[in-house]
Amino acid sequence: AVLARSVLALALVLASASAFVPPPSSPARSVPSTTVIVGGNPISRFFDGLDDFIDDAMDRKLGNGASFYGKRKSAFYGDEDQMKKKDPR
């Protein structure tokens, strides 16, 4: 009876251990997660822009810093900013 309980307990532990394994990735998903779709979700675009601005601020690219540290990713200075990358992604 003790052996049967031990075997049952071990089987339950092994069955529940698969819950901690990540699911296999599907081969049908070939689009990278960083792809930006033009005209997509406005909330997503807002947070992408905010992320680009924070990246520029942390990399000291705001103001004249872009001439020293490389071109900006954010559109903080407008669409006609000459120190902005053409494709920030």
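**Things to note about the side chain of Ser-74**
Right, so step 1: The residue Ser-74 is located in the segment after helix H3 (66-69) in this model.
Right, so step 2: Looking at Ser-74, the relative accessible area reads 2%, which means it is buried.
Right, so step 3: For Ser-74, the side chain forms a polar contact with the side chain of Asp-56, separated by 2.7 Å.
Right, so step 4: Sequence-distant contacts of Ser-74, that is, excluding residues within four places in its chain, are made with Asp-52, Phe-53, Asp-56 and Lys-84.

**Things to note about the side chain of Lys-61**
Right, so step 1: Assignment of secondary structure puts Lys-61 in the loop between helix H2 (42-58) and H3.
Right, so step 2: Residue class for Lys-61 comes out buried when judged on its relative accessible area of 11%.
Right, so step 3: Within the structure, the side chain of Lys-61 is placed 3.4 Å from the backbone oxygen of Lys-71, a separation counted as a polar contact.
Right, so step 4: Those residues in contact with Lys-61 that sit more than four places away from it in its chain are Asp-56, Ala-66, Tyr-69, Gly-70, Lys-71 and Arg-72.

**Notes on the environment of Met-83**
Right, so step 1: Residue placement: Met-83 occurs in the segment after H3.
Right, so step 2: Each C-alpha atom of the pair Met-83 and Gly-65 lies 9.6 Å from the other, and the pair is 18 residues apart in sequence.
Right, so step 3: With residues up to four places along the chain from it excluded, the contact list for Met-83 reads Ala-66, Ser-67, Lys-71 and Arg-72.

Criteria and cut-off values
Residues numbered from 1 in each chain as written. Predicted model: local features only at pLDDT ≥ 70, side-chain atom pairs only at ≥ 80, totals over all residues. Heavy atoms only, no water. Helix = DSSP H or I, 4+ residues; strand = E, 2+ residues; numbered from the N terminus. Buried < 20%, exposed > 50% of the residue type's maximum accessible area, 1.4 Å probe, protein only. Polar contact = N/O pair within 3.5 Å; in protein donor to acceptor, adjacent residues only side chain to side chain. Contact = heavy atoms within 4.5 Å.

Taken by themselves, the reported measurements are silent on function.
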